[in-house]
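# Structure assessment
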Amino acid sequence: MYSPEDTEMASTAGTLDSPVKQIQIEGMVVLKIIKHYQEEGQGSEVVQGVLLGLVVEDRLEITNCFPFPQHTEDDADFDEVQYQMEMMRSLRHVNIDHLHVGWYQSTYYGSFVSRALLDSQFSYQHAIEESVVLIYDPIKTGQGSLSLKAYRLTPKLMEICKEKDFTPEGLKKANIGFEHMFEEVPIVIRNSHLINVLMWELEDKSTVADKHELLNLSSSNHLEKSLQLLMDRVDDMSQDIVKFNTYSRNLSKQQQQKHQYLQRRQQENAQRQSRGEPQLPEEDINKMFKPPQPPPRMDTLLIAGQVNNYCQNVKEFTSQNLGKLFMAEALQGHN
Amino acid sequence: MSRFFATGSDSESEESSSADEITPKAPGTTLKQSLLLSDDEEDTKRVVRSAKDKRFEELTNLIKTIRNAMKIRDMAKCLEEFEQLCRAFLKSKNIVDKEGVPSFYIRLLADLEDYLNLLWEDKEGKKKMNKNNAKALSTLRQKIRKYNRDYETEITAYKENPQESADEEEEKEAGDSGSSSDSDDDDDDDDDGVSAKAFLKKKPESAPDASKFLKSSKGSGESSSSEDDDEGGWGSDPVGSGSESSDEDQGKSASLAVVFLKKTHESEKSADKKVSKRKKIKKEHLEEEPEEGEGEEVEGGWEKVKGGVCLVKEKPKMFAKGTEINIPVVVKKLNEILQARGKKGTDRAAQIELFNALAAITAENNLGQGILVKIKFNIIASLYDYNPNLAAFMKPDMWKKCLDCINELLDILFEDNNIFIGENIAEDSENLAISEQPFRVRGCILTLVERMDEEFTKIMQNTDPHSQEYVDNLKDEGKVCNIIDRLLDYLETKGSTEEICRVYLRRIMHTYYKFDYKTHRRSLGLPAESKSEQDQDESEGEDSAIIMDRLCKFIYAKDRTDRIRTCAILCHIYHHALHSRWYQARDLMLMSHLQDNIQHADPPVQILYNRTMVQLGICAFRQGMIKDAHNALLDIQSSGRAKELLGQGLLMRNMQERNAEQEKIEKRRQVPFHMHINLELLECVYLVSAMLLEIPYMAAHEFDARRRMISKQFHHQLRVGERQPLLGPPESMREHVVAASKAMKMGDWRTCHSFIINEKMNSKVWDLFPETQRVREMLVRKIQEESLRTYLFTYSSVYDSISMHTLSEMFQLEIPTVHSIISKMIINEELMASLDQPTQTVVMHRTEPTSLQNMALQLAEKLGSLVENNERVFDLKQGVYGGYFNRDQKGSYQQKHGGYQRGGYRNQNQNNY
């Protein structure tokens, strides 16, 4: 019914060397996720849940899911892990797939590339190799096209996360850019006949206006929001760059000092030698010039990823809208 | 030492004191004397011995100590004691002269010399000695050598026959110890001394108390000698005043000593003057006489005042002895009273009484105005002196007295043209007597009046402003003004320009803050509603504006001290502003350049400056100069310390920032309540001005990233309003303004109007203005205009065109006004539109960027700065000598970037203007 973006697949599929090359999602799972957001998600709040399924060859089949309960500040002692185990055991009792294969999360205007997501996906992928994160964008879906994407961390990023080396040097050595942080896995939605029947029925029931949401011409609201978010990120980025700049300036200054010091020492030693005196004792140069603390670069990378994401969103949105506008113009001219 | 003192005090006697009389001359014995004296007072049992006994005992005691010190080889002590011994020996020289050098003394000298020589020879022992001792030894050795040269014969005699002398000495010692109280048998030649002693014995014991003794001696003195009469008499002696200063130096102990001296002296007079020895002592007494007399007179002077105080109760006794009351006598009396001024024990109230009594006597005896003026001056001065510290204020009755007194003084000055007063007239060139020449009196009436004014301020500061008392006190303000007016009249004829400036300033200070209602009414063309005759009088008086103008201009022209001129200017501006003469006030403020250097002025002037600025701002507001009003009030309001800056109260602060002393100082600076500027009015005026400026500005710059706030405080109030969880109908003035601002933001002028002008706000704020109605009308108009502007800013993007008729209806403004406002906006490029004359519509050009476009512009700007930052990182990495290619690229980028920027700027410019 819905096919993921073919272009994306083409670009990423080639580089995949992970155990999962394709994801097949049951229609029921999609519906459950949508339902979960409809019921609990509001505005910029996010909903999350657990995906269940199993791996068949290089294909990950997601057959079921259940939501994380929204818990408030009041029940701080709520044990999430306990709840998950309990839930999976219960599912097992009724003979449903109970293998943990990842998690899902809703997003607000495509802002999901964050430290929290990275950390939890890392721990998932660390524990269960094939796990994925499904990102569901309710706003795009509301505009008429279902938006559901599956992401995994690239092996490179996994390594970095394992070593927890987020210094500029470390990232440079790993040769990782924001485009190589996440890999998107192509999704196929497979519906059982029952679901198909339900869909037909739903389509029949829905009004004409609902169906034509896709043709909505207004764009400024969505774009404004996106731009706003984009600007915030750009600001963050600017700050990070300034920080990095200061760091590198300090570093080079210190290098210079160090160099000067060494030179002076060498001269002194040469003089001493010519006078037949003993050389100066060795000193720990690193103790004298403590290198400045390098700023962690992971956040910058994430921000860059996020900015990229926004840009993609905006691009996509505008191209679609342009198409619609041309269509509308043509229609008007026709009339 | 201590032993010596002990013996000294033990042997207390008449002789001892008479002998002591010399001791003050000996250096380093003052301590001893005071000790002796203190014992003197306690010790009632007196032991009488001969002078010789006493001296010899002193010597033997010293010798004993020296011998002890010799035994323990304490050379330092030895030296010390030896020096004292020499001194003591010198003292007893007259005795020694008669009796020959006592053998025990010789023996000591000989022994000491031997002993020292022995020590000197003993090199090893000397080495062991510590530094002090060694030093003392060498000094002592030299001294004793020198000293012994005088007694060489005696010493050799002693050395020949040491035994005999030793016996004698022993015998003597025994005698001394045996006859510690009386040594008659010891000294045979001392018969006369004994007789004198016996005589003396009775007297002191009968009157041990010092003061009593003084009296008794006085009594006896009067009968016996004329010299005493002078001292004991009423102290009209000329030296009495002269000795004033010496009194403090000498102290009580000295005078006490003197008392004893005198006593002995007298007793000797009455005693037989046969003995030559006695005579000698007496001669010394006589030499001391001048000093003694001085001391006595001090005593007398001291008592005199006391006597005066008690005499006041029976007035006629002031000049008890029936002396003829003439000017010198009165002046003398005046000086006497004055001398007590400022002293610790002086009863200040009594002093004032005294002065009054004196004034009455003077008046009774018709001694002329000169002396009366002088006395009046002193009365006022002592009234001011009544309160010992600066913070306390005068009591009502004192204050009343002070006012009356000054008034009387002015009466006299006005009546009599022949009186010259001035602070630079020297005391001795005064002319108080009635004669052909004019009176010359020292004193400055201006200073007195200034002081009175300050006292008045102090009284007002210290009265609870919400009490009836305050009102009562305030009624005195009229009197104060009256006095200042009279003084002004007086000084205009007689004073120097400097004095005139000072008194003018006083006058100005009492005028500038008062609103001139009658002039106001007259200017409105209303008949003066005179309720009483007094009102009538007042309304016939000069306009305060004219007075202010005259006084201030005089000061501008004549004043030489900067401070008076500054104050005058500020008061003048304040007065202008208070009476809505905005342009005069503003011009004067700008011309004076006070804003530049007011921070160097002293705090009271700064407070005055702040008050003036605030008044100026309020005046501008009344005149509808919203921007000026805002600017004038900004400094005071933005600090949040308006209360403190205007001197209308202290802010609650930590004790660390301000200690009690500072608080007192600050309290003294406070402006009295009746001069206060209403703080709520001030804040309201400020907030409303800020609202009228800020709301259209906010509407115009909604999308501007670099928008600046006009008024931080106003924004703060808005935020506070937004934070409220539940918005009820506004209560306080601030809430009203915030609610009105919100309405204005939507261009809803009616709601805005109803929030700004209503019953509550009227009673709280607007009714405080003298021209309430006019201000309110101005305000409504401003609200309409600014709402229209806000509306156009906010909603112009919605319209293609809008009819001016509609706008004029919407905002209840006449079409020409609407037209002018819109034209102004178009000219200033605030509104992208054009006017279509035939249809009377505004056609929008729609060149304003939409919010999305604005957003995109902002983003572009941000990206620009981001890239710039990134470039910098690159620069660093590649060094300044980075690749040619890179630099080129960068340059090209920046060009592009500049293009972006320019676009952004253009748009911003459109927004701004």
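Just so we're clear, the structure is a prediction, and the values are computed from it rather than from any experiment.

## As for the nonpolar core
A general tendency of soluble globular proteins is for nonpolar side chains to be buried together. Residue and element names in this part refer to chain B. Ranked by internal contacts, the top residues of the largest apolar core, which has 154 residues, are Ile445, Phe621, Met691, Ile756 and Trp766. For this core, the leading source of residues is helix 35 (residues 679-700), giving 14 residues. Filtering out sequence-adjacent residues up to four positions away, Trp766 remains in contact with Phe621, Cys684, Val688, Ile756, Ile757, Met761, Thr772, Val775, Arg776 and Leu779. Met75, Phe82, Leu109 and Leu137 belong to the second-largest nonpolar core, a separate cluster that totals 36 residues.

## Notes on the packing of helix 35 of chain B against helix 36 (residues 712-723) of chain B
Each pair of packed helices can be described by the angle between their axes along with the distance between the axes. All names here are of chain B. Contact pair helix 35 / helix 36: the axes reach a minimum separation of 9 Å and the direction vectors enclose 85°. Classed by the angle they form, the pair helix 35 and helix 36 counts as roughly perpendicular. Residues Glu683, Tyr686, Leu687, Ala690, Met691, Glu694, Ile695 and Met698 of helix 35 pack against Gln713, Phe714, His715, Gln717 and Leu718 of helix 36. Grouping the amino acids of the contact of helix 35 with helix 36 by side-chain chemistry returns eight nonpolar, three polar and two charged.

## A short note on the interface of chain A and chain B
It is common to give the size of an interface as the accessible area that goes away when the parts come together. On the chain B side, the residues contacting the 18 residues of chain A number 16 residues. Between chain A and chain B, the buried area comes to about 1,500 Å², and carbon and sulfur atoms account for 75% of it. Seen at the junction of chain A and chain B, the total is one salt bridge. Two residues, Lys862(B) and Asp235(A), come together in a salt bridge whose shortest N-O distance is 3.0 Å. Counting every contact that joins chain A to chain B gives one residue pair in polar contact (both at pLDDT 80 or more). For the side of chain A that touches chain B, the residue count by class is nine nonpolar, six polar and three charged.

## A word on the sheet that holds strand 4 (residues 833-836) of chain B
Residues and elements named next belong to chain B. If you trace the three strands from one edge of the open sheet to the other, you get 3-5-4, paired in antiparallel fashion. Each having just a single partner strand, strand 3 (801-803) and strand 4 make up the two edges of the open sheet. The sheet shows a mean angle of 20° between the axes of neighbouring strands, direction not considered. Inspection of the sheet shows strand 3 paired to strand 5 (residues 841-844) by three bridges, in the antiparallel sense. Residue pairing across strands places Ile802 opposite Val842, the latter belonging to strand 5. Taken strand by strand, helix 42 (residues 815-827) contacts strand 4 and strand 5, and its axis lies near 145° from that of strand 4.

## Some thoughts on the environment of Asp97(A)
Residue and element names in this part refer to chain A. Counting through the fold element by element, Asp97 comes out in the loop between helix 3 (80-93) and strand 4 (100-106). When its relative accessible area of 30% is taken as the criterion, Asp97 is described as partly exposed. A sequence separation of 34 residues divides Asp97 from Thr63, and the C-alpha atoms of the two residues are 7.0 Å apart. Ignoring sequence-local partners within four residues, the contact set of Asp97 consists of Leu52, Gly53, Leu54 and Thr63.

## Observations regarding the side chain of Glu61(A)
All names here are of chain A. Mapped onto the secondary structure, Glu61 falls in strand 3 (residues 59-67). For Glu61, a relative accessible area of 16% puts it in the buried group. Of the polar contacts made by the side chain of Glu61, one reaches the side chain of Arg59; its length is 2.5 Å. Those residues in contact with Glu61, other than ones at most four positions away along the chain, are Gln24, Leu52, Gly53, Leu54 and Val56.

## Let's talk about the pattern of salt bridges
All names here are of chain B. Under the counting rule described, the total for this entry stands at 41 salt bridges over all chains. Between Lys376 and Glu408 there is a salt bridge, with its nearest N and O atoms 2.4 Å apart. Of this pair, Lys376 sits in helix 20 (residues 369-385) while Glu408 sits in helix 21 (residues 396-415), placing them 32 residues apart in sequence. In this structure, Asp767 engages Arg776 in a salt bridge whose closest nitrogen and oxygen atoms are separated by 3.2 Å. Accessibility expressed as a relative area gives 42% for Asp767, which makes it partly exposed.

## Some thoughts on the packing of helix 40 (residues 772-795) of chain B against helix 41 (residues 804-811) of chain B
Residue and element names in this part refer to chain B. Put simply, helix 40 and helix 41 touch, their axes get as near as 10 Å, and they point 130° apart. Viewed along their axes, helix 40 and helix 41 adopt a mutual orientation that is oblique. For helix 40 against helix 41, the interelement crossing comes out right-handed. Of the residues in helix 41, those touching helix 40 at Gln784, Ser787, Leu788, Tyr791 and Leu792 are Leu807, Met810 and Phe811.

## Considering the packing of aromatic side chains
Per the counting criterion, the structure on display carries 20 aromatic pairs over all chains. Relative to Tyr574(B), the ring of Tyr512(B) lies with its centre 4.8 Å away and its plane at 80°, an arrangement referred to as edge-to-face. Here Tyr512(B), found in the loop between helix 24 (497-509) and helix 25 (517-524), pairs with Tyr574(B), found in helix 28 (residues 562-578); they are 62 residues apart in sequence, far enough to count as distant. Judged by relative accessible area, which is 2%, Tyr512(B) ranks as buried. Each ring, one from Trp766(B) and one from Phe769(B), has its centre 6.1 Å from the other, and the planes form 25°; the classification is stacked. Among the residues examined, Phe769(B) registers a relative accessible area of 3% and is labelled buried. Members of the aromatic cluster, joined through ring pairs, are Tyr791(B), Tyr795(B), Tyr799(B) and Phe811(B). The aromatic ring of Phe244(A) is capped on one face by Arg297(A), whose charged end is 4.3 Å from the ring centroid.

## As for unusual backbone geometry
Phi angles above zero are rare outside glycine, and Glu57(A) is one such case at about 50°. By secondary structure assignment, the location of Glu57(A) is in the loop between strand 2 (48-56) and strand 3. One non-glycine residue, Gln840(B), lies in positive phi territory at about 55°. Its place among the elements puts Gln840(B) in the loop between strand 4 and strand 5.

## What to know about the sheet that holds strand 7 (residues 182-185) of chain A
Residues and elements named next belong to chain A. With mixed pairing, the eight strands of this open sheet are ordered in space as 7-6-5-4-2-3-1-8. A strand with exactly one partner marks an edge of an open sheet, and here the two such strands are strand 7 and strand 8 (187-190). Within the sheet, the average angular offset between the axes of one strand and its neighbour, ignoring direction, is 35°. Of the strands in this sheet, strand 1 (22-26), strand 2, strand 3, strand 4, strand 5 (132-136), strand 6 (148-153) and strand 8 touch helix 2 (residues 27-40), which is tilted by about 35° from strand 3. Helix-sheet contacts for helix 3 involve strand 2, strand 3 and strand 4, and the interaxial angle to strand 3 is about 110°.

## What about the confidence of the model for chain A?
Model confidence for chain A is summarised by a mean pLDDT of 81, while 89% of its residues fall at 70 or above. Predicted confidence for residues 1-16 of chain A stays below pLDDT 50, and this span has 14 contacts to residues more than four positions away or in other chains.

## Considering the pairing of strand 6 of chain A
Residues and elements named next belong to chain A. Among the six residues that make up strand 6, six are buried, leaving the element largely enclosed by the rest of the structure. Residue alternation in strand 6 divides its side chains into two sets, Leu148, Ala150 and Arg152 and Lys149, Tyr151 and Leu153, and both sets are buried. In the sheet, strand 5 pairs with strand 6 via four bridges, with the strands oriented antiparallel. Paired with Tyr136 across the strands is Leu148, a residue of strand 6. With four bridges joining them, strand 6 and strand 7 adopt antiparallel strand pairing. Bridge pairing in strand 7 places Arg152 opposite Glu183.

## Describing the pairing of strand 2 of chain A
In the case of a regular strand, side chains alternate between the two sheet surfaces. All names here are of chain A. Two strands pair when backbone bridges link them, and strand 2 and strand 4 are joined in this way by five bridges, in the antiparallel orientation. Among the inter-strand pairings, Leu52 is bridged to a residue of strand 4, identified as His100. Sheet analysis places strand 2 next to strand 3, joined by eight bridges and oriented antiparallel. Each residue of the ladder has a partner; that of Val50, found in strand 3, is Phe66. Linking strand 2 to strand 3, which pair antiparallel, is a turn of two residues; within it Glu57 sits at a positive phi near 50°.

Cut-offs used in this document
Residues numbered from 1 in each chain as written. Chains lettered and ligands numbered in written order. Predicted model: local features only at pLDDT ≥ 70, side-chain atom pairs only at ≥ 80, totals over all residues. Heavy atoms only, no water. Core = buried A, V, L, I, M, F, W, Y, C linked by side-chain atoms within 4.5 Å. Buried < 20%, exposed > 50% of the residue type's maximum accessible area, 1.4 Å probe, protein only. Helix = DSSP H or I, 4+ residues; strand = E, 2+ residues; numbered from the N terminus. Contact = heavy atoms within 4.5 Å. Axes fitted to C-alpha atoms, helices over the stretch in contact; angles between N-to-C directions. Parallel < 35°, antiparallel > 145°, perpendicular 65-115°, else oblique. Nonpolar A, V, L, I, M, F, W, Y, C, P; charged D, E, K, R; others polar. Buried area = accessible area lost by both parts, 1.4 Å probe. Salt bridge = Lys/Arg side-chain N within 4 Å of Asp/Glu carboxyl O. Polar contact = N/O pair within 3.5 Å; in protein donor to acceptor, adjacent residues only side chain to side chain. Pairing = 2+ DSSP bridges. Left-handed = near helix turned anticlockwise from the far one by under 90°. Phe/Tyr/Trp six-rings, centres within 6.5 Å; stacked < 30°, edge-to-face > 60°. Lys NZ or Arg CZ within 6 Å of the ring centre and 35° of its normal. pLDDT = per-residue confidence, 0-100.

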